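Per-entry structural report
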Amino acid sequence: MKRKEIPNRAVVSTQWGDEGKGKIVDVFAEEADIIARGTGGANAGHTIHIGEREFIFHLVPAGIIRPKKVNIIGNGVVLDPRVLCEELDILRHAGIEYKSRLLLALNAKLVLPQHLLLDRVSDSSAKNGRIGTTGRGIGPAYADHYSRIGLTINDLLNPRLLEEKLERNLREKLLLLREYDPEVIKKIMWHAHLGGGQFYSENDFLDVQAITKAYLAYGKRLAPLICDTDNYLRAVVGHHSILLEGAQGTLLSVDYGTYPFVTSSDCGIEGLVKGVGLRTHDIQEVWGIAKAPYMTRVGEGPFPTEMGGERSAHWCGNGATCKMEREQYSHVSFESENELEFGIAVRFAGNEYGATTGRPRRTGWVDTLLLKLATTVNGPDVILTKLDVLSGCKTIKICTAYQYDGPQVRWGMDTLYKGETLRKAIPNSEVLQHCKPIYELFPGWQQDITGMRRWRELPPELKHIIHAIEERAGVNARILSVGPDRSQMIFR
Ligand code: IMP
């Protein structure tokens, strides 16, 4: 029977992802029987620290580290079997048993080489509308699902069906690929994620035989893990405690985020429960994760509070790497008056480089309007993470309103005028890109808080900032994270 006191929980991000969900899932996983993922794919990256060991997973739920827990990759996930097999190897080498407790939804969507190719070729060729995707094939795989030409994990178990469906899918892709420079395609096909040329065909770009062969081999390896996880979860939902692990962040949701600079799944609570075959009322606690008092974004798209504004977006979006930054900006600190440099100092302090792509994450001050927007989707209970990063910073800024600085525009029944003050975020990139932040300033705290475990120990300046975030965004920050380790948590 279910241990009564343990509710079914969900952990979702309230910003643009990378708020430290992995650690929170890991902490909650201790009490859960089952950990399930329902959205996204290998675009996600969870970093989990256990003592000296660091694990980065893109597909396997973070609960796999906990012995005896069942981990599920649900129907809403777009699954790249190559990445999954690599992660299974990592688990095997680390001596972590997974065979009896990792289940793959038979109806999860299959990521194929053509998805990786199309993602890379289309995003790199888009002149103005580049999204800055992770290149993991996410958008094209979801697009195939909605176009009704997608493949599922179950197709890996049926050689004849796999080949038929692949052929049909590739016929459509060939027409699309003819639009692009064949040399660019060839170069992408040699990428390690595409098997280093293994799937390349001179005439058709993609070799159906080679793909079928490789994918059947993945199917053979994954077969013992593939089952009807929707049914499994529905059957156990009242008896076992379930923890749902979100991916990306609500502001990246295709339904609620800063469209079109979003990913292709609904990263809010509704997308998550649907992606594991459950209903929202099956979940008793929804926890929204938010970084504070700074936040980050990877890839293109509006970010009103970005430190260094367009210069930062340009620097982060044009091939800057951690190594380059450390060499070129070794002098920066929280004392830097130049905003771009201050933002880089925050990136250094928070180690804000993508777990999936290694790209520098754009840094900015926490935006309570966007946080409020995300909580209308997920609910008001939040966990604030990375609170230790800005220790030692003289002044903290919190965005509590915008000045709209763009051309006059209709937003439904409202008209926005240049110079107007907005107190509510409009999740539309044409509007948001013209929003200038209006800040409230707070004195920072100087103490190291990483060893603190109780609310009353926290510096009064930080408590004041947390109260302000709660009040302006309408959230309850009931749990705080003050460092990367499992133990560095404060429960209020
Ligand atoms: P895609 O999901 O690879 O299609 O990328 C779409 C957008 O979402 C890009 O701006 C990515 O940088 C962003 N994105 C995707 N996954 C993550 C994530 O796990 N963390 C942060 N940003 C992400």
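Residues numbered from 1 in each chain as written. Predicted model: local features only at pLDDT ≥ 70, side-chain atom pairs only at ≥ 80, totals over all residues. Heavy atoms only, no water.

**Considering the packing of helix H3 (residues 113-125) against helix H5 (residues 159-177)**
Packed helices, taken two at a time, are described by the angle between their axes plus the distance between the axes. Where H3 contacts H5, the two axes come as close as 11 Å, and the packing angle between them is 15 degrees. Relative to H5, the element H3 is oriented roughly parallel. H3 and H5 meet at a crossing whose hand is left-handed. Along the contact surface, H3 presents Gln114, His115, Leu117, Leu118 and Val121, while H5 presents Leu166, Asn169, Leu170, Lys173, Leu176 and Leu177. Residue classes in the contact of H3 with H5 are distributed as seven nonpolar, three polar and one charged. (Axes fitted to C-alpha atoms, helices over the stretch in contact; angles between N-to-C directions. Helix = DSSP H or I, 4+ residues; strand = E, 2+ residues; numbered from the N terminus. Parallel < 35°, antiparallel > 145°, perpendicular 65-115°, else oblique. Left-handed = near helix turned anticlockwise from the far one by under 90°. Contact = heavy atoms within 4.5 Å. Nonpolar A, V, L, I, M, F, W, Y, C, P; charged D, E, K, R; others polar.)

**Notes on the sheet that holds strand S5 (residues 70-73)**
Strand order across the open sheet formed by 10 strands is S11-S7-S5-S2-S12-S1-S13-S16-S22-S23, with mixed pairing between neighbours. The open sheet has two free edges, formed respectively by strand S11 (226-227) and strand S23 (489-491), since each of these has just one partner strand. Two strands pair when backbone bridges link them, and strand S2 (residues 34-37) and strand S12 (residues 242-245) are joined in this way by four bridges, in the parallel orientation. Opposite Ile34, over in S12, you have Ile242 as the bridge partner. (Pairing = 2+ DSSP bridges.)

**Here's the deal with helix H1 (residues 21-29)**
Taking burial as the measure, the nine residues of H1 include nine buried ones, the bulk of the element. Taken as a whole, H1 has its buried residues at Lys21, Gly22, Lys23, Ile24, Val25, Asp26, Val27, Phe28 and Ala29. (Buried < 20%, exposed > 50% of the residue type's maximum accessible area, 1.4 Å probe, protein only.)

**With respect to the domain arrangement of the protein**
Taken domain by domain, the protein consists of domain 1 (3-103 + 226-290), domain 2 (109-222) and domain 3 (306-365). Between the C-alpha centres of domain 1 and domain 3 there is a distance of 29 Å. (Domains from an automatic or database assignment.)

**Examining the sheet that holds strand S20 (residues 421-422)**
Overall, antiparallel pairing links the three strands, which are arranged S20-S17-S21 in an open sheet. The open sheet has two edge strands with one neighbour each: S20 and strand S21 (435-443). Relative to S20, strand S17 (residues 395-404) is paired through two bridges, and the arrangement is antiparallel. Bridged to Tyr402 within S20 is Leu422. Packing against the sheet, helix H13 (residues 368-378) makes contact with S17 and S20, and its axis sits at approximately 75 degrees to S17. Strands in contact with helix H15 (residues 460-473) are S17 and S21; relative to S21, the strand with the most contacts, it is inclined by about 145 degrees.

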